[in-house]
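The primary structure of each chain is shown beneath.
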Amino acid sequence: PAAPPHRAGWSPRSPCPASAGCVPVTQATPTPSRAVMSSPCDARALTTRCAVAMAAGDTGYRKERSVPLKSSSSALYNNLSVLPLRDKQLTYFAAVHGSTVSLASASADGLSVSHRQLQAKEGGLAVSASIVTQASWCVLPSRVLLVLTSQKGIQMYESDGSIMVYWHALDVLEPPPAQAVFARGIAAASGRFICVGTSSGLVLVFDIPSKGTNITLSEVLEEHRDSITDIASEVGENPDGDADLVTADDSGALCVWRSKEEFSLLTKISAFGWTCSSVKLWNGVIAAGYGNGQIRLYEAMSGALRATVSAHARWIYALDLAPLTGKLLSGAEDSYVQIWKLSRSPDTGDIEIEHCHSECVTDTQLCGARFCDPEGNAFAATGYDLSEIVRYGQV
Amino acid sequence: GKTALLPQRTALLMGSFVFAVMNDIITTMFNKKFMEELFKPQELYSKKALRTVYDRLAHASIMRLNQASMDKLYDLMTMAFKYQVLLCPRSKDILLVTFNHLDAIKDFIRDSPNILNQVDETFRQLIDMYSCLSAGEFQLIRQTLLIFFQDMHIRVSIFLKDKVQNSNGRFVLPISGPVPWGTEVPGLIRMFNCNGDEVKRVEFTNGGSYISPQREGSFDLYGDRVLKLGTNMYSVSRPVETHMSGASKNLASHTKENAAPNPLAKEELNFLARLMGGLEIKKPNGSEPGFRLNLFTTDEEEEYAALTRPEELSYKVINIQATQDQWQNEELARIMGEFEVTDQPSQSTSKGDDLLAMMDEL
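In this text the structure is predicted, and so the values were computed from the model without any measurement.

Visitor: Would you take a moment to explain the sheet that holds strand 5 (residues 198-203) of chain B for this structure?
Guide: What links the strands of a sheet is backbone hydrogen bonding, and the strands pair in either a parallel or an antiparallel sense. As summarised here, the arrangement of the six strands in space is 20(A)-21(A)-22(A)-23(A)-4(B)-5(B), forming an open sheet in which the pairing is antiparallel. Every interior strand has two partners, whereas the edge strands, strand 20 (276-282) of chain A together with strand 5 of chain B, have only one. Here the strands of the sheet are splayed against their neighbours by 15 degrees on average, with no regard to which way each runs. As defined by bridge partners, strand 21 (residues 285-290) of chain A adjoins strand 22 (residues 294-299) of chain A across five bridges and the pair is classed as antiparallel. By the bridge assignment for strand 22 of chain A, A:Val285 is matched with A:Glu299.

Visitor: How should the interface of chain B and chain A be read in this particular structure?
Guide: Quite often, the size of an interface is put as the accessible area lost when its parts meet. In this complex, chain B contributes 57 residues to the contact, which on the side of chain A involves 62 residues. Run the count over chain B and chain A and you get three salt bridges. Among the ionic pairs, A:Glu352 bridges to B:Lys200, the shortest N-O distance being 3.6 Å. For the pair chain B and chain A, the number of links is 28 residue pairs in polar contact (both at pLDDT 80 or more).

Visitor: It is not clear to me how the nonpolar core should be interpreted in this structure. Could you clarify?
Guide: In globular proteins that are soluble, nonpolar side chains generally tend to be buried together. Ranked by internal contacts, the top residues of the largest apolar core, which has 68 residues, are A:Leu254, A:Val279, A:Ile286, B:Phe99 and B:Phe159. Sequence-distant contacts of A:Ile286, that is, excluding residues within four places in its chain, are made with A:Val246, A:Leu254, A:Val256, A:Ile269, A:Val279, A:Lys280, A:Leu281, A:Arg296, A:Leu297, A:Tyr298 and A:Ala300. If you look at the next biggest cluster of nonpolar residues, it comprises 20 residues, including A:Ala311, A:Leu328, A:Trp340 and B:Met191.

Visitor: Looking at this structure, how should I read the pattern of salt bridges?
Guide: Side-chain pairs of opposite charge can arise where the charged atoms are in close proximity. A full pass over the atoms with the stated rule returns 29 salt bridges over all chains. One salt bridge connects A:Arg258 with A:Asp242, and the closest N-O pair in it is separated by 2.8 Å. With a gap of 16 residues between them, A:Arg258 in strand 18 (residues 254-258) and A:Asp242 in the loop between strand 16 (228-233) and strand 17 (245-249) connect regions that are remote in the sequence. Classification of A:Arg258 by relative accessible area gives partly exposed; the value is 27%. The residue B:Arg309 makes a salt bridge to B:Asp75 at a minimum N-O spacing of 3.0 Å. Residue B:Arg309 is located in the loop between helix 11 (299-308) and helix 12 (320-324), and its partner B:Asp75 is located in helix 4 (residues 67-87); the two are separated by 234 residues in the primary sequence. With respect to burial, B:Arg309 and B:Asp75 carry one shared label: buried.

Visitor: Which parts of the structure should I look at to understand the packing of helix 2 (residues 32-39) of chain B against helix 6 (residues 113-130) of chain B?
Guide: Any two packed helices are characterised by how steeply their axes cross, that is the angle between the axes, and by the distance between the axes. Residue and element names in this part refer to chain B. Taken N-terminus to C-terminus, the directions of helix 2 and helix 6 make an angle of 15 degrees; their axes are 11 Å apart at the nearest point. In terms of axis orientation, helix 2 runs roughly parallel to helix 6. As helix 2 packs across helix 6, the resulting crossing turns out to be right-handed. In this structure, helix 2 contributes Lys32, Met35 and Phe39 to the contact, and helix 6 contributes Gln118, Thr122, Gln125, Leu126 and Met129. Of the residues belonging to the contact of helix 2 with helix 6, the class tally is four nonpolar, three polar and one charged.

Visitor: What is the right way to read the UniProt feature "transmembrane region" (unreviewed entry) in chain B from this model?
Guide: In the numbering used here, UniProt assigns the feature "transmembrane region" (unreviewed entry) to residues 12-30 of chain B. What you have in residues 12-30 of chain B is 95% helix and 0% strand, and the ends, taken at the C-alpha atoms, are 27 Å apart.

Visitor: Sorry, what's going on with the pairing of strand 16 of chain A here?
Guide: All names here are of chain A. Within strand 16, five of the six residues are buried, which leaves it mostly tucked inside the rest of the structure. In the sheet, strand 16 pairs with strand 17 via five bridges, with the strands oriented antiparallel. Within the sheet, the bridge partner assigned to Asp230 lies in strand 17 and is Ala248.

Visitor: Hey, could you run me through the packing of helix 5 (residues 93-108) of chain B against helix 6 of chain B in this one?
Guide: Residues and elements named next belong to chain B. At a minimum axis separation of 10 Å, helix 5 and helix 6 run at an interaxial angle of 170 degrees. For the element pair helix 5 / helix 6, the angle class is roughly antiparallel. For the pair helix 5 and helix 6, the contacting residues are Leu95, Thr98, Phe99, Leu102, Asp103, Ile105 and Lys106 in the first and Leu116, Val119, Asp120, Phe123, Leu126, Ile127 and Tyr130 in the second. The residue makeup of the contact of helix 5 with helix 6, split by class, is ten nonpolar, one polar and three charged.

Visitor: In this structure, what is going on with the pairing of strand 23 (residues 305-310) of chain A? I would like to understand it.
Guide: Two faces, one strand: in a regular strand the side chains alternate between the faces of the sheet. Burial runs high along strand 23 of chain A: five of the six residues are buried. Bridge count for strand 22 of chain A against strand 23 of chain A is five bridges, and the pairing is antiparallel. Across the sheet, the residue bridging to A:Leu297 is A:Ala307, located in strand 23 of chain A. Linkage of strand 22 of chain A to strand 23 of chain A, two consecutive antiparallel strands, is achieved through a turn of five residues, within which A:Gly303 is found at a positive phi near 80 degrees. One ladder, built from three bridges, connects strand 23 of chain A with strand 4 (residues 188-192) of chain B; its direction is antiparallel. Looking at the pairing, A:Val309 lines up with B:Ile189 of strand 4 of chain B.

Visitor: Whenever I open this one, the environment of A:Ser74 confuses me. Can you help?
Guide: Here A:Ser74 is to be found in the loop between strand 1 (61-68) and strand 2 (81-85). Note on A:Ser74: relative accessible area 0%, which makes it buried. Distance from A:Ser74 to A:His97, taken between C-alpha atoms, is 4.9 Å for residues 23 residues apart in sequence. In contact with A:Ser74, not counting residues within four places along its chain, are A:Asn79, A:Val96, A:His97, A:Gly98, A:Cys367, A:Tyr384, B:Ile147 and B:Gln150.

Visitor: Help me understand the sheet that holds strand 19 (residues 264-269) of chain A in this model?
Guide: Residue and element names in this part refer to chain A. Spatially, 16-17-18-19 is the arrangement adopted by the four strands of the open sheet, whose pairing is antiparallel. Only two strands of the sheet have a single neighbouring strand rather than two, namely strand 16 and strand 19. Going from strand to strand, the sheet's axes swing by 20 degrees on average, the running direction of each strand aside. Summarising the sheet, strand 18 and strand 19 pair through five bridges and their orientation is antiparallel. Bridge assignment links Trp257 to a residue of strand 19, and that residue is Leu265.

Visitor: What is the right way to read the packing of aromatic side chains from this model?
Guide: Ring pairs (aromatic) are described by centroid distance and by the angle formed between their planes. In the structure shown here, the tally under the stated rule is 18 aromatic pairs over all chains. Ring geometry for A:Phe379 versus A:Tyr392: centroids 5.0 Å apart, planes at 20 degrees, classification stacked. On the criterion of sequence distance, the pair formed by A:Phe379 in strand 29 (residues 378-383) and A:Tyr392 in strand 30 (residues 388-394) is long-range, its members being 13 residues apart. Both rings, one in B:Phe99 and one in B:Phe123, keep their centres 4.8 Å apart while their planes meet at 40 degrees; by these two values the pair is tilted. In this pair, B:Phe99 sits in helix 5 while B:Phe123 sits in helix 6, placing the two residues 24 residues apart along the sequence. Of the residues examined, B:Phe123 reaches a relative accessible area of 0% and is grouped as buried. Through a chain of ring-to-ring contacts, three or more aromatic side chains come together here, namely A:Tyr77, A:Trp274, A:Trp315 and A:Tyr317.

Visitor: What should I look at first to understand unusual backbone geometry in this one?
Guide: It is generally the case that most residues other than glycine have a negative phi and that most peptide bonds are trans. All names here are of chain A. You will see that Ser190, though not glycine, has its phi angle at about 55 degrees, which is positive. Within the element layout of this structure, Ser190 appears in the loop between strand 12 (183-189) and strand 13 (193-198). On the accessibility criterion, Ser190 (37% relative accessible area) is partly exposed. Unlike most non-glycine residues, Asp363 shows phi in positive territory, near 55 degrees. Along the polypeptide, Asp363 turns up in the loop between strand 27 (351-360) and strand 28 (366-371).

What counts, and where the lines are drawn
Residues numbered from 1 in each chain as written. Chains lettered and ligands numbered in written order. Predicted model: local features only at pLDDT ≥ 70, side-chain atom pairs only at ≥ 80, totals over all residues. Heavy atoms only, no water. Pairing = 2+ DSSP bridges. Helix = DSSP H or I, 4+ residues; strand = E, 2+ residues; numbered from the N terminus. Axes fitted to C-alpha atoms, helices over the stretch in contact; angles between N-to-C directions. Contact = heavy atoms within 4.5 Å. Salt bridge = Lys/Arg side-chain N within 4 Å of Asp/Glu carboxyl O. Polar contact = N/O pair within 3.5 Å; in protein donor to acceptor, adjacent residues only side chain to side chain. Core = buried A, V, L, I, M, F, W, Y, C linked by side-chain atoms within 4.5 Å. Buried < 20%, exposed > 50% of the residue type's maximum accessible area, 1.4 Å probe, protein only. Parallel < 35°, antiparallel > 145°, perpendicular 65-115°, else oblique. Left-handed = near helix turned anticlockwise from the far one by under 90°. Nonpolar A, V, L, I, M, F, W, Y, C, P; charged D, E, K, R; others polar. UniProt positions renumbered as here; feature names shortened; annotations may be inferred. Phe/Tyr/Trp six-rings, centres within 6.5 Å; stacked < 30°, edge-to-face > 60°.

Encoded structure:
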């Protein structure tokens, strides 16, 4: 059964609207492992003691119908990609499990879902031993490509996963090194490139024609010394300059690039001892999520630190940004999705961040979370061992 | 011949039996050649390969297990390890979990200096190899291990009782308690101006109820690990039960691996051969007094469990001897042959004789 809708006049402190036998628990008396939850309980969890308490100033989201996946999600950074197709009133979702990528195409109400699975390949052959590290849609002005990174290389597909248009093999080293070899970190840049990171710290820049399969490797950026974790391109407009790409690595170092004409390094932000697993760039502000649960905001042009947020109690696995509103979401191993709002003070020009909402996906270590629209009115998340994508929409 | 055993003798026999089994298994596992192979950098091996190694280790002593009990023991081991890996607060804690395992092993064999030395040697090698890895590298190891354990939701009695596992087989993830060492308690936003001065501080509610951690666990050869994951689950006597029914709803990927008829990759077979070579297993013969361990309440229950185990959860064990014939590689055959028994632990055989003699005296 689907989660019940809000009853009119429901408020955070009222009893569980599902009337499923759940007993409201005040914040003062949390049960040992079922502590405070910030949303109405899922009516399926009949034995859950449902604590309905929300953060002050909460901008409410309510749980919507989940989208099932053909295989559960793996514990990998940024393990959820979402492609809203407004004209078709469909949303595509992609999550990775082992050597497989599960694609699900869902109608707006979530009632109609179709599935497809893609395999890690080496050239044209399926390779079961090759683990996929990430799958992400890259939106370019003339086309959308679905990019898969794995231990063997990089695969690019048409957006529905129907046809593979390009394959790039990672260099095979002899003798095989003691370190793992893989590609990871995917982003479109400047409306004409797709950038992909590697375990050795390289960033491969592919030139993408407006159609066809004539994709070429045009540049290799060599600034990082540790495995690339995530890459982000500017999704808003930078008021201060032309920084439009950020690359992050396992040590926590960030590189800021300009990608018009040729790629050039603008600034480097040093690591502080924790992996940066996820990074976003909006209006000249870098948002970075780290292994110690912290979110940091930096000025892209100068690299200056502008905010620190002790956001999560565990490793952050995903960040996403809604470009039309400046909403930021973070998902972590601590089971929480947190929603934030970025802004710039008109007086001082200082970058500000405020907390908007908490959502707990019970007993789940989140590995992927994304907004489902550019305003941030809805978001989706998945977690390790979870065979579904949980979704929330604004009330 | 068989004689009725008085209760006191039974307890004594059981104690000797446990001691003999522990000694043999630990000696076999920490064998120098076996450890050398394990320490070589390599891909995570398949479920089949792991089960094969586990089977061999479990039979490294006078203890014998039927298929059903063996399956149960393996289920228990994998779910317990999955739990430990999943719940590690820091990625680096997977090393502390391993140290907890070793500390417990050392305690079992604390009166046997030879074996103790072997274990300590392995301990030192672990410290050498892993202490310098970064949090990010540990997380990659952890992520790889989690892929291995994915979709396994077998219910374990002791976990259900302790409320660390739900009735659907999924582990409970607490959202309270101490945060990992190095993480701040969530709830604070600090904002800085362009000169780096803090200009604003705002608190927020993140939803959980976390507190600061007390202290960091020790990564030395000896020390307080602080972390409880990896310590003896059965330090208080508990029942050993696992439940099959409704174990795993999503069997798609699990079934795929078991149903695939493709043989192991050549590299994996080679690795397994070298590992097996390092494990010298005594084969049971007529005169050897093997003891059969049944993890179920009765023999009938054990038989029933074997017959009714869901197909998708059956483990397929590789028969190394059978595949050996397929190898053209003389080098491999030579390596297999090279692992002669040089240091056969004679304790267990003589202990077996002692036990038999004791039984005959009753």
